[in-house]
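As a plain string of letters, each chain reads:
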Amino acid sequence: MTAALTAAAGVASGVLTLAPGAAHAGFFIPKDIIMVMGTWTPDERTAEVAYGFTRDVSGSIAFVRRFDDLHGGRNRERTDLVMAQGAHLLLRHRTPGGIGNAYVYGGPLAARFADRGDTRYGVHVGLWADYETRWIYTRASHHAYRYAGRSRNETVLQGMLAPYAADYDDIASWGGVQLKKKSGQSQLEVTPYLRFFSKRWWVDAGVSVNRQNRNDLFINFMHTF
């Protein structure tokens, strides 16, 4: 998966994993389900296709265009990443009102630097945990990249509340906040956002409010087949 969520990006892929009465938690693609996803922020654009191979294993291919500020933000470096990923469900814990999940994921990547015109290879790996009821959603994840002698890390925390307890066939809505810390970023990125989803689609939209990222728009879209 990608970082923007990989950040937001990964959350969406849990659609259809739960029994009626709970919402759609998780990072995992159910068996024989195809997911397509797109994410847009000022710093990163992502397109991804994922497939569930078994109950515990899924795989995906993602294209990421990333823009990194250099020399105090006076110019931006563009990097295009092509990433393959496998994800494994480590733990699924059901409670009377909700469900918790833990995953490990990662794989190889190829990074092409637009200003240099060369391609380098590396790996990425991550850990993800979430818990969800019909009223709350919480998530913590960490994603690490290693390529071209660089180390890049992204840590995300999310918390959301639902204004009503949606049933399985309803359109559900959530409101909450995402906290993200990235390598090379001096501030914690704070993004209040809304989420709307049904059985086969998912949309996140929010605007960052911290000084370094103020008014940065975040959009994530997902659909399953």
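Residues numbered from 1 in each chain as written. Predicted model: local features only at pLDDT ≥ 70, side-chain atom pairs only at ≥ 80, totals over all residues. Heavy atoms only, no water.

(A) Region of interest: the packing of aromatic side chains. Counted under the stated rule, the structure contains five aromatic pairs. Note on Tyr-51 and Phe-53: the rings are 5.2 Å apart at their centroids and 75° apart in plane angle, and the pair reads as edge-to-face. Taken together, a centroid distance of 4.8 Å and an interplanar angle of 15° make the contact between Phe-197 and Trp-202 stacked. Here Phe-197 falls in the buried class, since its relative accessible area comes to 1%. Put simply, the rings of Trp-174, Phe-197 and Trp-202 pair up and form one aromatic cluster. A cation over a ring is seen here: Arg-66 above Tyr-145, with NZ or CZ 4.8 Å from the ring centre. One Lys or Arg, Arg-116, reaches over the ring of Phe-113 and ends 4.1 Å from the middle of that ring. (Phe/Tyr/Trp six-rings, centres within 6.5 Å; stacked < 30°, edge-to-face > 60°. Buried < 20%, exposed > 50% of the residue type's maximum accessible area, 1.4 Å probe, protein only. Lys NZ or Arg CZ within 6 Å of the ring centre and 35° of its normal.)

(B) Up close: the environment of Ser-151. One can find Ser-151 in strand β8 (residues 150–161). Through-space distance from the C-alpha of Ser-151 to that of Ser-183 is 8.1 Å; in sequence the pair is 32 residues apart. Residues in contact with Ser-151, not counting those within four places in the same chain, are Tyr-145, Arg-146 and Ser-183. Here the side chain of Ser-151 touches Arg-146 through a polar contact of 3.4 Å, side chain to side chain. (Helix = DSSP H or I, 4+ residues; strand = E, 2+ residues; numbered from the N terminus. Contact = heavy atoms within 4.5 Å. Polar contact = N/O pair within 3.5 Å; in protein donor to acceptor, adjacent residues only side chain to side chain.)

(C) Highlighting the nonpolar core. Met-35 and Trp-174 are the most contacted members of the largest nonpolar core, which has 20 residues in total. Counting only elements with at least two residues in this core, the list comes to β1 (34–40), β4 (75–94), β5 (98–113), β9 (172–182) and β10 (189–197). In terms of nonpolar packing, the next biggest core, distinct from the first, is built from eight residues, Val-64, Leu-81, Leu-109 and Ala-111 among them. (Core = buried A, V, L, I, M, F, W, Y, C linked by side-chain atoms within 4.5 Å.)

(D) Representation of a nonpolar patch on the surface within the structure. On the surface, a cluster of nonpolar side chains totalling about 300 Å² of accessible area is made up of Trp-40, Val-207, Leu-217 and Ile-219. Tracing the chain through its elements places Ile-219 in strand β12 (residues 217–224). For Ile-219, a relative accessible area of 34% corresponds to the partly exposed category. (Patch = residues over 30% accessible without salt bridge, like charges linked within 9 Å, V, L, I, M, F, W, Y side chains within 5 Å. Areas by Shrake-Rupley, 256 points an atom, 1.4 Å probe, with all protein chains shown as cover. Salt bridge = Lys/Arg side-chain N within 4 Å of Asp/Glu carboxyl O.)

(E) Quick look at the confidence of the model for the protein. Per-residue pLDDT for the protein has a mean of 84; in total, 84% of the residues score no lower than 70. When mean pLDDT is taken per element in the protein, strand β7 (residues 136–147) scores highest with 95 and helix α1 (residues 4–11) scores lowest with 34. When the criterion is pLDDT under 50, residues 1–26 qualifies, and its contacts beyond four places in sequence or with other chains add up to 127 contacts. (pLDDT = per-residue confidence, 0-100.)

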